[in-house]
Amino acid sequence: MNWRKSTYSSGGEGDTCVEIAEDPTRIAIRDSKAPARATLSFPTPAFTALIDHLKGQPSWNSESL
């Protein structure tokens with residue numbers, strides 16, 4: 001997987017952030033300080049909905065739940 005760091009790294013050495021990797025159907029997330037540990041993996045539409053929700057722009061409606 002091709003991992004990339006968040007553009008919102010918080011100061012310091014730039015190592016206090018998450019990294020993401022994309023493939024055609026899933027998004028994987030890991031801690032940049034512990035890359036050998038477990039990762040979280042989400043279907044791409046679910047990850048997109050999560051990010052949109054966090055930004056305050058839901059990409060789904062409550063009727064679809």
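Residues numbered from 1 in each chain as written. Predicted model: local features only at pLDDT ≥ 70, side-chain atom pairs only at ≥ 80, totals over all residues. Heavy atoms only, no water.

**Brief notes about the overall build of the protein**
Scanning the protein for helices and strands turns up one helix and four strands. Counting from the amino terminus, the protein carries its helices and strands in the arrangement β-β-β-β-α. Within the span of the protein, comprising 65 residues, buried residues form 20% of the whole. Partitioning the contacts of the protein with sequence separation of at least 6, the portion at a separation of at least 24 is 9%. With an accessible surface of roughly 5000 Å², the protein has 55% of that area assigned to carbon and sulfur atoms. (Helix = DSSP H or I, 4+ residues; strand = E, 2+ residues; numbered from the N terminus. Buried < 20%, exposed > 50% of the residue type's maximum accessible area, 1.4 Å probe, protein only. Contact = heavy atoms within 4.5 Å. Areas by Shrake-Rupley, 256 points an atom, 1.4 Å probe, with all protein chains shown as cover.)

**Observations concerning helix α1 (residues 44-54)**
Structurally, the α-helix is built with 3.6 residues per turn, so residues lying three or four positions apart point the same way. Those residues of α1 lying buried are Phe47, Ala49 and Asp52. Directly after α1, the chain includes Gly56, whose backbone phi takes a positive value near 85 degrees.

**Concerning the sheet that holds strand β3 (residues 26-31)**
Overall, antiparallel pairing links the four strands, which are arranged β1-β2-β3-β4 in an open sheet. A single partner strand is all that each edge strand has here, and the edge strands are β1 (4-5) and β4 (40-43). The sheet contact formed by strand β2 (residues 18-22) and β3 spans five bridges and is antiparallel. Bridging from a neighbouring strand, Glu19 pairs with Arg30 of β3. Packed on one face of the sheet, α1 meets β3 and β4 and runs near 100 degrees to β4. (Pairing = 2+ DSSP bridges. Axes fitted to C-alpha atoms, helices over the stretch in contact; angles between N-to-C directions.)

**Topic: the packing of aromatic side chains**
Geometrically, a pair of aromatic rings is defined through the distance of the ring centres and the angle of the planes. Under the definition given, this model contains one aromatic pair. A centroid spacing of 6.3 Å and a plane angle of 35 degrees characterise the contact between Phe42 and Phe47, whose relative ring orientation is tilted. (Phe/Tyr/Trp six-rings, centres within 6.5 Å; stacked < 30°, edge-to-face > 60°.)

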